[in-house]
Amino acid sequence: MQKIDIEMIPGGASPPPIKVGAVTIEEADIAQEMQYHPADSAGTAQLKAARALVVRELLRQRAAELGLAEAAGSELEEGDAAIAALLEQELDVPEPSEEDCRRFHGAHVERFSEPTRLKVRHILLAAAPDDAEARDAGYRQGEKLLKELSAIPERFTEFAMRHSACPSKEQGGELGWLAPGQTVAELDRALQHLPEGLHDRPLASRYGWHLVTIDERREGRELPYEQVAERVRHSLREQSTRRALRHYLLVLESEIGVEGVNLDDDSANSLMQ
């Protein structure tokens, strides 16, 4: 049977049945599984859910073949325990050497560095991204408030409590210490380049406009290997596990047979999550 991506099925058409060996993956099970695979479209979520169920069924069948599913317990507990025992028995994951770890750290120093941290206060002037009138009004209000704050910056807390639409208004706009990735992406990118003090323009995000003051900035710094050795070793071990699992699943796919969907690199990732 030809394998196709679920996303490519024309509207209204039923996808071909998905089978692992003689077992059919039911559409209702895929629909139930979709909640665990958020995506930018229903088709993508459906495809990820189907692949995840195929992976589990491949492993379940292999565990049963080896007699690893005989322990009593609930069906779910039994299945999870059997899969864990299977991977422990059959997955060959080499332990990274000290040389491998040091080399990996040297090539990815920034990944194991201490990030820049910012102590931030803000005032959110809310406006939906598709409401041009509210965006324009919010920007003009932001400029007006910033003009006042530039003369009296000590009133930022008062202004936040009066004007901000963010729950942080109750703390005078305090967001605390922020590292990269801890706030909405578009604001996060802008914050990384700001010096200490009140920023002179409103910053845009999907939620509206932000008036921002940086109370303190602590620059990131590289950390020596000895300080992050365990993190490096864990990262390499995780990479090795993903590669080994990917290879193992392809072998099972070939031996047991899968119809209706192709596995891909995300198939191993969905199991590890």
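Residues numbered from 1 in each chain as written. Predicted model: local features only at pLDDT ≥ 70, side-chain atom pairs only at ≥ 80, totals over all residues. Heavy atoms only, no water.

Here we come to the overall build of the protein chain. From N to C terminus, the protein chain includes 9 helices and 8 strands. A total of 273 residues make up the protein chain; the buried ones form 36% of that total. In the protein chain, 67% of the contacts between residues at least 6 apart in sequence involve partners at least 24 apart. A total accessible area of about 15800 Å² is found for the protein chain, and carbon and sulfur atoms account for 49% of it. (Helix = DSSP H or I, 4+ residues; strand = E, 2+ residues; numbered from the N terminus. Buried < 20%, exposed > 50% of the residue type's maximum accessible area, 1.4 Å probe, protein only. Contact = heavy atoms within 4.5 Å. Areas by Shrake-Rupley, 256 points an atom, 1.4 Å probe, with all protein chains shown as cover.)

Looking now at the sheet that holds strand E1 (residues 18-20). The strand order E2-E1-E8 describes an open sheet built from 3 strands, whose pairing is antiparallel. Each having just a single partner strand, strand E2 (23-25) and strand E8 (258-259) make up the two edges of the open sheet. (Pairing = 2+ DSSP bridges.)

This part takes up the pattern of salt bridges. The final tally for this structure, using the stated rule, is 19 salt bridges. Here Arg 201 makes a salt bridge to Asp 200, at a shortest N to O gap of 3.7 Å. Across the salt bridge formed by Arg 218 and Glu 216, the nearest N and O atoms sit 3.4 Å from each other. (Salt bridge = Lys/Arg side-chain N within 4 Å of Asp/Glu carboxyl O.)

So, on to the nonpolar core. General note: in soluble globular proteins, nonpolar side chains tend to be found buried as a group. Core analysis: the largest hydrophobic core is formed by 26 residues, its most contacted members being Val 54 and Leu 59. For this core, the secondary-structure elements that each account for two or more residues are E1, helix H2 (42-65), helix H3 (75-90) and helix H8 (225-256). Top contributing element to this core by residue count: H2, with 9 residues. (Core = buried A, V, L, I, M, F, W, Y, C linked by side-chain atoms within 4.5 Å.)

Turning to H2, a few remarks are in order. A rise of 1.5 Å per residue sets the reference length of H2, with its 24 residues, at 34 Å; its end C-alpha atoms lie 35 Å apart and thus fit the reference within 8%. Backbone geometry just after H2 places Gly 67 at a positive phi near 75°. (Expected span 1.5 Å × (residues − 1).)

Turning our attention to the packing of helix H5 (residues 132-151) against helix H6 (residues 156-163). Interaxial distance between H5 and H6 falls to 11 Å at its minimum, and their mutual angle equals 155°. One finds that H5 runs roughly antiparallel with respect to H6. In terms of crossing hand, the pair formed by H5 and H6 is right-handed. Here Gln 141, Leu 145, Glu 148 and Leu 149 of H5 lie close against H6, whose contacting residues are Phe 156, Phe 159 and His 163. Residue composition of the contact of H5 with H6, by class: 4 nonpolar, 2 polar and 1 charged. (Axes fitted to C-alpha atoms, helices over the stretch in contact; angles between N-to-C directions. Parallel < 35°, antiparallel > 145°, perpendicular 65-115°, else oblique. Left-handed = near helix turned anticlockwise from the far one by under 90°. Nonpolar A, V, L, I, M, F, W, Y, C, P; charged D, E, K, R; others polar.)

In this section: the packing of helix H4 (residues 98-107) against H8. Contact geometry for H4 and H8: axes closest at 9 Å, N-to-C directions at 100°. As summarised for this structure, H4 and H8 are arranged roughly perpendicular, according to the angle between their axes. Facing Glu 98, Asp 100, Cys 101, Arg 102, Phe 104 and His 105 of H4, the residues of H8 in contact are Tyr 225, Glu 226, Val 228, Val 232, Arg 233, Ser 235, Leu 236 and Gln 239. For the contact of H4 with H8, the residue count by class is 6 nonpolar, 3 polar and 5 charged.

Right, let's talk about the side chain of Arg 233 for a bit. Tracing the chain through its elements places Arg 233 in helix H8. A relative accessible area of 18% means that Arg 233 is categorised as buried. A polar contact of 2.7 Å, which involves the side chain of Arg 233, links it to the backbone oxygen of Pro 96. Look past the residues within four positions of Arg 233 in its chain and what remains in contact with it is Glu 95, Pro 96, Ser 97, Glu 98, Cys 101 and Tyr 225. (Polar contact = N/O pair within 3.5 Å; in protein donor to acceptor, adjacent residues only side chain to side chain.)

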